[in-house]
Amino acid sequence: MSPQVTSKNNLRAAPKMSRREIPSELFSWQGNELLHQLYAARGISNADELNMGLDKLLPYHSLSNIQLAVDLIFEVMKSAERIIIVGDFDVDGATSTCLMMEVFRAFGHQNIDYLVPNRFDFGYGLSPEIVEVAAESKPDLVITVDNGIANIAGVEKANALGIKVIITDHHLPPDVLPDAAAIVNPNLVDDQFPSKNLAGVGVAFYLLLALRAKLKQENWFELQKIPVPNLANWLDLVAVGTVADMVPLDLNNRRLVEQGLRRIRAGQCRSGIRMLLELSKRNIARLTAIDIGFVIGPRLNAAGRLDDISVGIQCLMASEPSTAKRLAVELDELNLARREIEADMQAEALAQVSLLVNDLGAKQLPLAFCLFKEHWHQGVVGLVASRIKEHFHRPVFAFARENEQDKNNTNLKGSGRSVAGVHIRDALVWVDTHHPQLMTKFGGHAMAAGLTLSEHHLTDFEKALNCAINIQLGDNTLTHEIVTDGALDDKWLNLGAAQTLSTAGPWGQHFPEPSFDGHFQVVDKRIVGLKHLKLVLQTATGQLVDGIAFNIDPEFWSGSIERVKIVYKPEVNEFRGETSLQLMIKHIEPQ
């Protein structure tokens with residue numbers, strides 16, 4: 001992190017600092033004083049909301065159409081008819097696919113296979129083209145996971161071929177729904193399921209819970225002479241998919257994730273997850289949701305971004321540790337390649353925006369950026385959009401060619417990331433309503449979205465997008481704000497407190513990991529790894545503590561600096577078998 005000033009060399013705007021409010025009346029809970037305040041500041045209102053037991057999960061019954069879907073599946077299972085699972089090419093899609101495949105087989109249904117569209121050949125979801133591929137194996141039923149809610153043409157194609165379709169998805173639905181046999185999605189209009197934040201793998205898990213109840217009611221397991229599967233055994237998949245998809249960790253999702261984490265920490269997880277963690281040198285016994293997001297998620301996603309997510313699915317489904325290790329190594333190598341591609345694209349994207357800043361000035365920048373280069377990799381544009389969004393704190397769409405090999409194809413695929421205060425999918429809905437000729441298709445969430453358009457529409461799209469965001473913002477502005485939990489008393493600056501904080505979550509989207517701010521004396525500092533700053537800091541009471549800040553400006557921080565203000569999280573640092581406290585610095589500025 002470089003000093004937070006605006007200049008030609010550093011385009012970041014100085015962020016506004018604020019602190020989470022601690023309610024004047026805390027809820028009743030006899031626990032750690034620090035955790036008590038942190039939980040209260042995150043909206044915990046009673047001790048029951050800290051109960052992560054499986055018996056506290058929301059029941060499946062209020063999910064719209066879930067009984068219809070289960071009845072349809074049961075009829076197919078009774079006749080041993082063929083089922084094809086159609087997944088998505090990200091971690092949520094991979095874990096959902098693996099979950100469905102393994103649990104259906106545990107339910108005694110072996111006539112099942114999966115199909116995940118390669119993003120470069122078929123694009124996203126249940127397209128007519130992927131239905132044609134699925135039809136080659138003559139399925140009686142297609143079940144989508146983490147996709148399908150916007151695939152009207154694909155469902156029409158399946159219906160024309162006599163293939164029933166059940167959609168399980170969590171993405172926001174369009175005004176007109178596909179004509180599927182059943183749609184299970186907590187975000188359907190009038191759906192009564194209390195949590196609207198399930199990931200695709202969470203929706204799939206709930207469908208399987210309902211299906212198991214139906215099978216028990218029909219004495220299926222006794223007739224098949226197989227044990228009733230304990231679905232908790234698959235919660236490692238649910239945890240990985242939920243965290244990696246960055247859905248809000250509301251109470252129900254935290255329970256799903258925490259239960260999955262407990263099983264992984266206890267070694268009760270699949271070989272593929274274990275091998276990915278070992279490759280990244282993570283301590284499985286102390287695994288956190290943050291580790292899933294930074295270690296497992298990127299490696300599985302790399303397969304779908306650069307090659308084929310089937311490699312990730314095979315790793316997750318591998319029954320032999322040797323096979324899981326081989327596939328995990330392949331995923332790790334793909335992730336290294338992805339990093340190199342992303343670094344080059346990010347540098348080019350920053351150069352584009354730098355030119356814009358030089359032309360317009362930092363205060364005249366548009367509300368959103370639309371960036372494109374001929375040679376950019378369509379599997380990585382979402383990551384580039386995310387990095388530029390973080391740097392400039394405004395929505396960003398990055399585009400790549402839909403088909404680099406076909407020079408006659410002028411279509412671009414864009415992936416967008418947004419910031420607090422801008423619902424990016426709603427902005428795309430506005431664009432489509434007022435300029436229906438611009439986008440071929442689009443979809444997504446509040447914070448992330450994707451679209452396809454013709455290259456000659458790109459400039460007009462950027463103008464329309466900025467107009468939509470301007471209307472959505474109204475009198476509000478795009479203010480970069482860092483929210484912390486305030487100053488941390490020195491008594492909590494110790495290894496034990498850091499260990500407690502790491503496992504007190506699970507922390508994630510809309511239930512943020514604790515971070516603190518404070519002023520420190522710089523006792524020692526040195527540049528490591530070219531762009532990282534290693535520090536020894538001293539508190540006002542004289543306590544010394546180590547800290548590290550990544551991706552700083554080496555030239556600036558090599559100078560004489562005596563005091564700093566930092567935003568940080570206490571972290572357990574492991575080195576050569578020893579553990580110690582280290583402050584992971586998220587923001588640093590000289591004082």
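Here, every reference points to the structure presented above.
Residues numbered from 1 in each chain as written. Predicted model: local features only at pLDDT ≥ 70, side-chain atom pairs only at ≥ 80, totals over all residues. Heavy atoms only, no water.

Student: Would you mind going over the nonpolar core with me for this structure?
Tutor: Buried together is how nonpolar side chains tend to be arranged in soluble globular proteins. One finds L99 and F104 to be the most contacted residues of the largest nonpolar core, which totals 142 residues. The element contributing the most residues to this core is helix 6 (residues 200-217), with 11 residues. Filtering out sequence-adjacent residues up to four positions away, F104 remains in contact with I73, M77, I83, H109, I112, I143, L208 and L211. (Core = buried A, V, L, I, M, F, W, Y, C linked by side-chain atoms within 4.5 Å. Buried < 20%, exposed > 50% of the residue type's maximum accessible area, 1.4 Å probe, protein only. Helix = DSSP H or I, 4+ residues; strand = E, 2+ residues; numbered from the N terminus. Contact = heavy atoms within 4.5 Å.)

Student: When you look at the packing of aromatic side chains in this model, what are you seeing that I'm missing?
Tutor: A complete count under the given rule lists 15 aromatic pairs for this structure. Centroid distance F399 to F461: 6.1 Å. Interplanar angle 80°. Geometry classified as edge-to-face. Taken together, the residues span a long stretch of sequence, with F399 in strand 8 (residues 396-401) and F461 in helix 16 (residues 458-473) at a distance of 62 residues. Residues F399 and F461 agree in their burial class; the two are buried. With 5.2 Å between their ring centres and 75° between their planes, F556 and W557 make a pair best called edge-to-face. Classification of F556 by relative accessible area gives partly exposed; the value is 34%. On the accessibility criterion, W557 (1% relative accessible area) is buried. Put simply, the rings of F27, W29, Y39, W507 and F511 pair up and form one aromatic cluster. (Phe/Tyr/Trp six-rings, centres within 6.5 Å; stacked < 30°, edge-to-face > 60°.)

Student: Please clarify how the pairing of strand 9 (residues 411-417) should be interpreted in this entry.
Tutor: Looking along a regular strand, one sees side chains alternate from face to face of the sheet. Where burial is concerned, most of strand 9 is hidden: six out of the seven residues are buried. Across six bridges, the pairing between strand 8 and strand 9 is antiparallel. Residue pairing in the sheet places A400 in a bridge with K413 of strand 9. In this structure, strand 9 lies alongside strand 11 (residues 448-454), joined through seven bridges in antiparallel fashion. The partner of K413 across the bridge, within strand 11, is T452. (Pairing = 2+ DSSP bridges.)

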